[in-house]
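# Breakdown of the fold
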Amino acid sequence: MKRHLFFVVGFMICISALATSIYSFVQVTRVETNVPSSTSISLPSSHFVLIAEEENNSYWRLVEKGAREAENQFDVLVEYKAPKRSNPEEQLKLIDMAISAKVDGIIVQAVNEEMFTPLINKAVDAGIPVITIDTDAPRSNRVAYIGTDNYYSGTIAGKAMLDDMEGDIHVAVITGSLESSHQKLRVQGFIDMISNEPRVTLVEVEASNISRLEAELKAHQLMEEHPHINTFYGTSALDGIGIVAAAEKLGLDDLYVIAFDTLPENLSLLEQEKIDAIVVQEPFEMGLKSVELLLDIREGQPYSMTNHTHTSIIRKPDLSLLQEHQRLGDKQ
Ligand code: BGC
């Protein structure tokens, strides 16, 4: 009898232990499955890569800013990639990496049409739409271009110089690169505009490698070698700043200088009358619109293949208008 009771009690203890374990297991499972679903990460539906000429260049940071604005407005992730210093080979590697990563679209400055065409075509063949920005490669299979009409911008620079200067003009050009497609167009447009003007002599064209310091060194050398130069034309964003620095070192304060881009330093030099005119580009808009354009293309919306952003000339009296324009919503 005692033995029987012992078995009954033991059996009941085992049953209650089992029941407790099952209950605890059910509770734990319930807690785990009740984890709110909001912790799961939802990725944007489009992933684009924007490949610039130079990572920390103020001009390209404005392009990036435009692309970030598009990220705020649309369901898209934009990766900003660029070599530390201007380097077309590295840009090509970045395109290749973007192809391997199977991104949904590539926005790239096609700084040299011949070099960039094979990789642009490779991406398009792999089903990845490519938009060129700032510098076009019209003979590649890129789906569209957004940016300045670079040849036109050179012609308006030439016209501004002719309008502003009286008498003989001895002009030297500091250009971002002798190989870059857009820089060549900016120089060619300028040359074509002045070619029928006997009062204008083009003294020399030198490259700055888009570096402010190299622009200064090249300008300094030209000023020393050709003391009759009275005008400088800088065709990339930091060239004007370099030209002015060289002129200041040599104490030349009566040069006519026409530069590119409304970066704060250029605007300040315009205000101080050290730069006489600036060719305005729209880098923020290029960044914003390039992302919008790629989204349209992905959604099968109609789009234009060539999208020229606004280009104009400003001089000191236009500064207040420009500042007002920026105050009224231009995010640059
Ligand atoms: C050009 C860019 C270039 C930048 C360099 C701009 O004027 O449009 O292509 O990278 O200057 O500072």
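Before any of the text, the structure's been laid out above.
Residues numbered from 1 in each chain as written. Predicted model: local features only at pLDDT ≥ 70, side-chain atom pairs only at ≥ 80, totals over all residues. Heavy atoms only, no water.

## Some thoughts on the site of the ligand
To be explicit about the condition: Any residue with at least one heavy atom within 4 Å of a molecule or strand is counted as near it. In protein, a polar contact requires one atom able to donate a hydrogen and another able to accept it; more generally it is a pair of N or O atoms within 3.5 Å, and residues adjacent in sequence count only if both atoms are side-chain atoms. For the area figures, the Shrake-Rupley method with a 1.4 Å probe applies, and any residue is considered shielded solely by the protein chains shown. A run of DSSP states H or I qualifies as a helix once it reaches four residues; a run of E qualifies as a strand once it reaches two. Both are numbered from the N-terminal end. By the convention adopted, Pro, Cys, Tyr, Trp, Phe, Met, Ile, Leu, Val and Ala count as nonpolar, Lys, Arg, Asp and Glu as charged, and the other residues, Gly among them, as polar.
In the region of the ligand, 13 residues are neighbours, and Glu53, Trp60, Asp134, His182 and Asp261 sit closest. For the ligand, an oxygen atom lies 2.8 Å from a polar atom in the side chain of Trp60. One of the side-chain nitrogen or oxygen atoms of Gln281 is found 3.1 Å away from an oxygen atom of the ligand. Protein contacts shield 100% of the accessible area of the ligand, which totals 310 Å² for the unbound molecule. Of all elements in the fold, only helix 2 (58-73) and helix 6 (181-194) reach the threshold of two or more residues within the shell around the ligand. Of the residues in the shell around the ligand, the class split is four nonpolar, five polar and four charged.

## What about the layout of surface pockets?
Inclusion rule: Both cavities and pockets are sets of points on a 1 Å grid over the protein atoms alone; in a cavity a 1.4 Å probe fits but cannot get out, in a pocket the set is open with protein on both sides within 12 Å along at least five of seven lines, and lining residues sit with an atom within 4 Å of a point. Grid points are joined across faces, edges and corners, and a volume is the space filled by probe spheres set on the points.
As a volume, the largest pocket reaches approximately 360 Å³. Surrounding the largest pocket, 19 residues form its lining, Glu113, Asp136, Pro138, Ser181 and Leu185 being those nearest its centre. Elements represented by at least two residues in the lining of the largest pocket include exactly helix 4 (113-125), helix 5 (150-164), helix 6 and strand 11 (306-308). In terms of residue count, helix 6 provides more of the lining of the largest pocket than any other element does, four residues in total.

## Notes on the sheet that holds strand 9 (residues 256-260)
Applicable threshold: For two strands to be treated as a pair, DSSP must find no fewer than two bridges joining them. Axis definition: a line fitted to C-alpha atoms, over the contacting stretch in the case of helices. Angles run 0 to 180 degrees between N-to-C directions. Between two residues, a contact is recorded if the distance between any of their heavy atoms is within 4.5 Å.
Taken in spatial order, the six strands make up an open sheet running 7-6-8-9-10-12, and their pairing is mixed. Looking at which strands have only one partner, the edges of the open sheet turn out to be strand 7 (200-207) and strand 12 (312-314). The sheet shows a mean angle of 20° between the axes of neighbouring strands, direction not considered. Relative to the sheet, helix 8 (residues 239-249) contacts strand 6 (169-175), strand 8 (231-234) and strand 9, its axis offset from that of strand 8 by approximately 150°.

Function-wise, these values are silent; they only describe arrangement.
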